[in-house]
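One letter stands for each residue in the lines below.
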Amino acid sequence: MSDGAVPGLSERQERLMTRAMQLALGSLFAYGLVTLQLGMAANGGVALGVTLLPALLRREYDYTMTPALVLWLSVAVFLHSIGSLGPYEWFSWYDEIAHMVSASVIAGLGYASFRAIERHSDEIEVPPAFRAVFIVVFVLAAGVVWELLEFASGHLASALGTDAALVVMGIDDIVTDFMFNAVGAVLVAVAGTDAVGGLVGFFRRRLREADG
């Protein structure tokens, strides 16, 4: 994926797909509230909030994220939220795909932040190979945080007597998650850094403004 488009899709199609996922997540959030299924409501609400972050950035910082990048972000959170409705249990491969996609988003954000800092500082000069290593390590570290959140979600749900927003499937599942997190990170390191070029520029501008 380039900085401007998903291959085979127009910008209009990208926006429509994003809106459709936002509608589905909003419906999931509302249904969870009405039926008092707090885990479902949390899944839908948090995911919907993430998909609205690009609009917040546009309003607050005058930064317009490309439709392709918004779609990429939306697909990642959508897969996790919808997975809690059954696909995680129905399809053995679903969790692997969801983790790979979300890991690719985390990798893109990590790379954009790191590259912006590198360009901002004259004292930092990093070989391209190290950037790739950083992306993978960053994603694996984020994976550890995610697994801790899953454990915390399970304990909180038990205390409240409701469904967990995040579910731990066992040790084998954790190992598989990390494997596909690494796959997502490697895909971005090898061929996906161009997709976040605009985000690198935005982060760099924010750093300059913070210094000034």
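For the structure, check the block above.
Residues numbered from 1 in each chain as written. Predicted model: local features only at pLDDT ≥ 70, side-chain atom pairs only at ≥ 80, totals over all residues. Heavy atoms only, no water.

(A) View of the environment of G192. Looking at the element boundaries, G192 is found in the loop between helix 8 (171-191) and helix 9 (197-211). Residue classification places G192 among the buried residues on the basis of a relative accessible area of 11%. Along the sequence, G192 and G108 sit 84 residues apart, while their C-alpha atoms lie 7.5 Å from each other. (Helix = DSSP H or I, 4+ residues; strand = E, 2+ residues; numbered from the N terminus. Buried < 20%, exposed > 50% of the residue type's maximum accessible area, 1.4 Å probe, protein only.)

(B) Quick peek at unusual backbone geometry. In this structure, L36 takes a positive phi of about 60° despite not being glycine. Overall, the relative accessible area of 65% leaves L36 in the exposed class. Its identity is not glycine, yet D62 carries a phi of approximately 55°, on the positive side. Take D62: it is sitting in the loop between helix 3 (53-61) and helix 4 (67-83). Exposure remark for D62: the relative accessible area of 67% places this residue in the exposed category.

(C) Geometry of a nonpolar patch on the surface. On the surface, W90, F91, W93 and I97 cluster together to form a nonpolar patch covering roughly 450 Å² of accessible area. Tracing the backbone shows W90 in helix 5 (residues 87-90). (Patch = residues over 30% accessible without salt bridge, like charges linked within 9 Å, V, L, I, M, F, W, Y side chains within 5 Å. Areas by Shrake-Rupley, 256 points an atom, 1.4 Å probe, with all protein chains shown as cover. Salt bridge = Lys/Arg side-chain N within 4 Å of Asp/Glu carboxyl O.)

(D) Here's a closer look at the pattern of salt bridges. On inspection of all chains with the given rule, the structure shows 5 salt bridges. When the shortest N-O distance is used, the salt bridge between R131 and E118 registers 2.9 Å. One end of the pair, R131, is in helix 7 (residues 128-160); the other, E118, is in helix 6 (residues 94-120), with 13 residues separating them in the sequence. The exposure class of R131 is buried, given its relative accessible area of 16%. The buried category is assigned to E118, whose relative accessible area is 7%. Counted as one network, the salt bridges with shared partners bring together R115, E118 and R131.

(E) Broad picture of the packing of aromatic side chains. Taken as a whole, this structure holds 10 aromatic pairs when the rule is applied. A ring pair is formed by W90 and F91, whose centres lie 6.4 Å apart and whose planes are at 85°; its orientation type is edge-to-face. Relative to F130, the ring of F114 lies with its centre 6.3 Å away and its plane at 50°, an arrangement referred to as tilted. Placement of F114 in helix 6 and of F130 in helix 7 is noted, with a sequence separation of 16 residues between them. For F130, a relative accessible area of 45% gives the class partly exposed. (Phe/Tyr/Trp six-rings, centres within 6.5 Å; stacked < 30°, edge-to-face > 60°.)

(F) Up close: the side chain of D177. Along the chain, D177 falls in helix 8. In this structure D177 touches D95, H99 and E147, once residues within four positions along its chain are discounted. (Contact = heavy atoms within 4.5 Å.)

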